[in-house]
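# Fold and contact review
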Amino acid sequence: MGVSIGAVELNSVAAGVVAGDVMLKAANVELVVAQPTCPGKFIVIVAGDTSSVETAVAAGKSEGRDKVVDTLMIPSVDKEVIPAIMRPSAPEQRESVGVIETFSLASAVLAADYAVKSAAIDLIEVRLGRGLGGKAFVVVTGKVSDVATATEYARAQLAKDGMGLNITVVPSLHPDLYQALL
(Lines give C-alpha, C1' and ligand atoms only; values in the text may rest on other atoms or scores of the structure.)
Protein backbone atom coordinates (compact mmCIF):
# COMPACT_ATOMS: atom_id res chain seq x y z
CA MET A 1 0.00 0.00 0.00
CA GLY A 2 1.28 3.46 -0.91
CA VAL A 3 1.44 6.70 0.98
CA SER A 4 -1.72 8.67 1.71
CA ILE A 5 -2.09 12.39 1.14
CA GLY A 6 -4.49 14.89 2.65
CA ALA A 7 -5.13 18.60 2.33
CA VAL A 8 -7.04 21.41 3.96
CA GLU A 9 -7.61 24.56 1.90
CA LEU A 10 -8.73 27.68 3.75
CA ASN A 11 -9.84 31.16 2.71
CA SER A 12 -7.60 32.82 5.30
CA VAL A 13 -3.81 32.82 5.56
CA ALA A 14 -3.89 33.27 9.34
CA ALA A 15 -6.43 30.48 9.83
CA GLY A 16 -4.38 28.31 7.45
CA VAL A 17 -1.23 28.68 9.52
CA VAL A 18 -3.09 27.69 12.69
CA ALA A 19 -4.86 24.77 10.97
CA GLY A 20 -1.53 23.56 9.55
CA ASP A 21 0.07 23.67 12.98
CA VAL A 22 -2.81 21.68 14.45
CA MET A 23 -2.60 19.13 11.61
CA LEU A 24 1.11 18.52 12.12
CA LYS A 25 0.70 18.20 15.89
CA ALA A 26 -2.37 15.93 15.67
CA ALA A 27 -0.71 13.00 13.91
CA ASN A 28 2.56 11.56 12.66
CA VAL A 29 2.46 13.11 9.16
CA GLU A 30 5.00 14.84 6.92
CA LEU A 31 4.39 18.30 5.53
CA VAL A 32 4.30 18.28 1.72
CA VAL A 33 3.39 21.95 1.30
CA ALA A 34 1.99 24.82 3.34
CA GLN A 35 1.67 28.05 1.42
CA PRO A 36 -0.45 31.11 0.87
CA THR A 37 -2.14 31.29 -2.50
CA CYS A 38 -4.32 33.78 -4.34
CA PRO A 39 -6.68 35.37 -3.35
CA GLY A 40 -5.74 35.19 0.31
CA LYS A 41 -6.10 31.42 0.57
CA PHE A 42 -3.78 28.98 2.35
CA ILE A 43 -3.29 25.28 1.66
CA VAL A 44 -1.72 22.62 3.85
CA ILE A 45 -0.91 19.22 2.34
CA VAL A 46 0.39 16.33 4.45
CA ALA A 47 1.43 12.75 3.72
CA GLY A 48 1.75 9.57 5.76
CA ASP A 49 -0.19 6.44 6.58
CA THR A 50 -3.94 6.58 5.99
CA SER A 51 -5.01 6.77 9.62
CA SER A 52 -2.54 9.55 10.44
CA VAL A 53 -3.50 11.61 7.39
CA GLU A 54 -7.21 11.19 8.17
CA THR A 55 -6.56 12.37 11.74
CA ALA A 56 -4.54 15.37 10.55
CA VAL A 57 -7.13 16.43 7.96
CA ALA A 58 -9.96 16.10 10.49
CA ALA A 59 -8.01 18.23 12.98
CA GLY A 60 -7.27 20.89 10.35
CA LYS A 61 -10.88 20.94 9.20
CA SER A 62 -12.12 21.25 12.78
CA GLU A 63 -9.67 24.05 13.55
CA GLY A 64 -10.42 25.91 10.32
CA ARG A 65 -14.20 25.73 10.85
CA ASP A 66 -15.95 28.22 8.55
CA LYS A 67 -12.68 29.20 6.82
CA VAL A 68 -12.36 25.76 5.13
CA VAL A 69 -12.86 25.94 1.36
CA ASP A 70 -12.08 22.32 0.49
CA THR A 71 -10.48 19.20 1.93
CA LEU A 72 -8.88 16.19 0.34
CA MET A 73 -8.01 12.63 1.36
CA ILE A 74 -6.40 10.17 -1.08
CA PRO A 75 -5.68 6.84 0.68
CA SER A 76 -3.08 5.63 -1.84
CA VAL A 77 -1.84 8.54 -3.91
CA ASP A 78 0.11 7.80 -7.09
CA LYS A 79 3.87 8.18 -6.59
CA GLU A 80 4.03 10.96 -9.24
CA VAL A 81 1.63 13.34 -7.46
CA ILE A 82 3.78 14.60 -4.56
CA PRO A 83 6.81 15.41 -6.77
CA ALA A 84 4.47 17.19 -9.22
CA ILE A 85 3.19 19.39 -6.38
CA MET A 86 6.75 20.21 -5.35
CA ARG A 87 7.92 20.36 -9.02
CA PRO A 88 11.58 19.34 -8.66
CA SER A 89 11.88 18.61 -12.39
CA ALA A 90 9.64 18.06 -15.38
CA PRO A 91 9.61 15.12 -17.77
CA GLU A 92 10.47 15.68 -21.40
CA GLN A 93 7.54 16.82 -23.53
CA ARG A 94 5.92 14.00 -25.44
CA GLU A 95 3.33 13.87 -28.23
CA SER A 96 0.74 16.05 -26.50
CA VAL A 97 0.10 18.14 -23.41
CA GLY A 98 -3.07 18.27 -21.34
CA VAL A 99 -4.14 20.96 -18.89
CA ILE A 100 -6.78 20.41 -16.21
CA GLU A 101 -7.93 23.63 -14.56
CA THR A 102 -9.89 23.48 -11.28
CA PHE A 103 -11.81 25.81 -8.96
CA SER A 104 -10.03 24.65 -5.81
CA LEU A 105 -6.47 23.73 -4.96
CA ALA A 106 -7.42 20.44 -3.31
CA SER A 107 -9.39 19.37 -6.39
CA ALA A 108 -6.27 19.90 -8.56
CA VAL A 109 -4.37 17.38 -6.43
CA LEU A 110 -7.27 14.96 -6.78
CA ALA A 111 -7.40 15.58 -10.56
CA ALA A 112 -3.68 14.80 -10.84
CA ASP A 113 -4.16 11.50 -9.01
CA TYR A 114 -7.17 10.58 -11.20
CA ALA A 115 -5.29 11.45 -14.38
CA VAL A 116 -2.07 9.60 -13.65
CA LYS A 117 -3.92 6.48 -12.48
CA SER A 118 -6.14 6.33 -15.58
CA ALA A 119 -3.62 6.34 -18.44
CA ALA A 120 0.07 6.04 -19.35
CA ILE A 121 0.98 9.72 -18.95
CA ASP A 122 3.65 11.76 -17.22
CA LEU A 123 2.52 14.23 -14.61
CA ILE A 124 4.40 17.49 -15.16
CA GLU A 125 3.06 19.74 -12.43
CA VAL A 126 0.27 20.49 -10.00
CA ARG A 127 0.23 24.32 -9.79
CA LEU A 128 -1.50 25.46 -6.63
CA GLY A 129 -3.04 28.88 -6.99
CA ARG A 130 -0.16 31.35 -6.96
CA GLY A 131 -1.20 34.16 -9.25
CA LEU A 132 -4.26 32.22 -10.39
CA GLY A 133 -7.09 33.94 -8.54
CA GLY A 134 -7.65 30.95 -6.27
CA LYS A 135 -7.76 28.37 -9.06
CA ALA A 136 -5.23 25.61 -9.72
CA PHE A 137 -4.16 23.49 -12.66
CA VAL A 138 -2.48 20.20 -13.57
CA VAL A 139 -0.24 19.67 -16.60
CA VAL A 140 0.32 16.20 -18.09
CA THR A 141 2.11 14.90 -21.17
CA GLY A 142 1.97 11.69 -23.22
CA LYS A 143 0.42 10.21 -26.34
CA VAL A 144 -2.63 12.13 -27.54
CA SER A 145 -4.97 9.21 -26.80
CA ASP A 146 -3.54 8.70 -23.30
CA VAL A 147 -3.67 12.41 -22.42
CA ALA A 148 -7.27 12.55 -23.73
CA THR A 149 -8.20 9.52 -21.62
CA ALA A 150 -6.54 10.94 -18.50
CA THR A 151 -8.05 14.40 -18.81
CA GLU A 152 -11.54 13.09 -19.60
CA TYR A 153 -11.42 10.74 -16.62
CA ALA A 154 -10.34 13.61 -14.36
CA ARG A 155 -13.14 15.77 -15.84
CA ALA A 156 -15.76 13.11 -15.12
CA GLN A 157 -14.57 12.62 -11.54
CA LEU A 158 -14.36 16.36 -10.80
CA ALA A 159 -17.83 16.92 -12.26
CA LYS A 160 -19.27 14.97 -9.32
CA ASP A 161 -18.26 17.83 -6.98
CA GLY A 162 -18.52 20.68 -9.49
CA MET A 163 -14.82 21.51 -9.09
CA GLY A 164 -13.62 21.08 -12.68
CA LEU A 165 -13.30 24.21 -14.75
CA ASN A 166 -11.54 23.81 -18.11
CA ILE A 167 -9.70 20.89 -19.65
CA THR A 168 -7.74 20.85 -22.88
CA VAL A 169 -5.45 18.55 -24.84
CA VAL A 170 -2.95 20.11 -27.25
CA PRO A 171 -1.20 17.82 -29.74
CA SER A 172 2.36 18.93 -30.56
CA LEU A 173 2.43 21.89 -28.18
CA HIS A 174 5.09 24.38 -29.23
CA PRO A 175 8.29 23.71 -27.20
CA ASP A 176 8.53 27.36 -26.12
CA LEU A 177 5.05 27.22 -24.60
CA TYR A 178 5.89 23.92 -22.90
CA GLN A 179 8.90 25.58 -21.26
CA ALA A 180 6.73 28.55 -20.24
CA LEU A 181 4.39 26.18 -18.37
CA LEU A 182 7.25 24.90 -16.21
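In short, a report on the structure. (Residues numbered from 1 in each chain as written. Predicted model: local features only at pLDDT ≥ 70, side-chain atom pairs only at ≥ 80, totals over all residues. Heavy atoms only, no water.)

### Notes on the packing of aromatic side chains
Selection rule: Only Phe, Tyr and Trp rings are paired, with Trp represented by its six-membered ring, and only when their centres lie within 6.5 Å; those with planes under 30 degrees apart are stacked, over 60 edge-to-face, the remainder tilted. Where helices and strands are cited, they refer to DSSP runs of H or I of at least four residues and of E of at least two residues respectively, numbered from the N terminus.
Evaluated as defined, the whole model comprises one aromatic pair. A centroid spacing of 5.9 Å and a plane angle of 85° characterise the contact between Tyr114 and Tyr153, whose relative ring orientation is edge-to-face. With Tyr114 in helix H4 (residues 105-118) and Tyr153 in helix H5 (residues 144-159), this residue pair connects regions lying 39 residues apart in the sequence.

### Side note on the sheet that holds strand S5 (residues 96-102)
As a reminder of what qualifies: Strands qualify as paired when DSSP identifies two bridges or more between them. Angles shown run from 0 to 180 degrees and are taken between the N-to-C directions of axes, each axis being a line fitted to C-alpha atoms and, for helices, limited to the stretch in contact. Here, residues are in contact when the closest pair of their heavy atoms is within 4.5 Å.
Spatial strand order, S6-S7-S5-S8: four strands in an open sheet with antiparallel pairing. Since the sheet does not close on itself, it has two edges, and those belong to strand S6 (122-127) and strand S8 (164-171), each with one partner. Taking the axes of each pair of neighbouring strands and ignoring which way they run, one obtains an average angle of 15° across the sheet. Two strands pair when backbone bridges link them, and S6 and strand S7 (residues 136-142) are joined in this way by five bridges, in the antiparallel orientation. Within S7, the position partnered with Asp122 by the bridge is Thr141. Against the sheet, H4 touches S5, S6 and S7, its axis set at about 15° to S7.

### A closer look at the pattern of salt bridges
Note the cut-off: One speaks of a salt bridge when a side-chain nitrogen belonging to Lys or Arg is within 4 Å of a carboxyl oxygen belonging to Asp or Glu. Relative accessibility thresholds used throughout: buried, under 20% of the residue-type maximum; exposed, over 50%; partly exposed, between the two (1.4 Å probe, protein chains only).
For the structure shown, the criterion picks out five salt bridges. Here Arg155 makes a salt bridge to Glu152, at a shortest N to O gap of 3.1 Å. Placement of the pair is Arg155 and Glu152 together in helix H5, with a separation of three residues, close to one helical turn. A residue is classified by how much of its surface remains accessible, and Glu152, at 41% relative accessible area, is partly exposed.

### Notes on the sheet that holds strand S4 (residues 68-74)
A sheet is described by the order of its strands in space; here four strands give the open sequence S2-S3-S1-S4, paired in antiparallel fashion. Edge positions in the sheet fall to strand S2 (30-37) and S4, since each of these pairs with one other strand and no more. With direction set aside, neighbouring strand axes in the sheet form an average angle of 10°. Note: strand S1 (residues 4-10) against S4, six bridges, orientation antiparallel. Each bridged residue has a counterpart across the sheet, and for Glu9 the counterpart in S4 is Asp70. Its contacts with the sheet put helix H1 (residues 13-26) on S1, S2 and strand S3 (41-48), and the angle it makes with S3 is roughly 15°.

### Regarding the side chain of Ser12
Selection rule: Any pair of nitrogen or oxygen atoms within 3.5 Å is treated as a polar contact; in protein, a donor-acceptor pairing is required on top of that, and neighbouring residues in sequence qualify only through side-chain atoms on both sides.
Its place among the elements puts Ser12 in the loop between S1 and H1. There is a polar contact of 3.1 Å between the side chain of Ser12 and the backbone nitrogen of Ala15. Filtering out sequence-adjacent residues up to four positions away, Ser12 remains in contact with Gly40, Lys41, Phe42 and Lys67.

### Focus on the nonpolar core
Put simply, the rule reads: Grouping buried Ala, Val, Leu, Ile, Met, Phe, Trp, Tyr and Cys residues that are joined through side-chain atoms within 4.5 Å yields what is termed a nonpolar core.
Ranked by size, the top nonpolar core spans 37 residues in total, and within it Ile45, Ile85, Val109, Val126, Leu128 and Val138 carry the most contacts. With nine residues, the single largest contributor to this core is H4. Beyond its immediate sequence surroundings of up to four residues, Val109 is in contact with Ile5, Ile45, Leu72, Ile74, Val81, Ile85, Val126 and Leu128. Within the second largest apolar cluster, 13 residues are counted, among which are Ala15, Ala19, Met23 and Val53.

### Some remarks on the environment of Ser12
Judged by relative accessible area, which is 17%, Ser12 ranks as buried. Among the polar contacts made by the side chain of Ser12, one reaches the main-chain amide nitrogen of Ala14 at a distance of 3.4 Å.

### Digging into H1
Put simply, the rule is: What a helix should span is 1.5 Å times the count of its residues minus one.
Between its terminal C-alpha atoms H1 stretches 20 Å, which fits the 20 Å expected from 14 residues at 1.5 Å a residue. Buried residues in H1 make contact with S1, S3 and helix H2 (50-64).

### Some points on the environment of Tyr114
Sequence separation between Tyr114 and Arg155 is 41 residues, and the spatial gap between their C-alpha atoms is 9.2 Å. Among all residues touching Tyr114, those that are not within four sequence positions of it are Tyr153, Ala154 and Gln157.

By themselves, these are just geometric observations and shouldn't be taken as functional.
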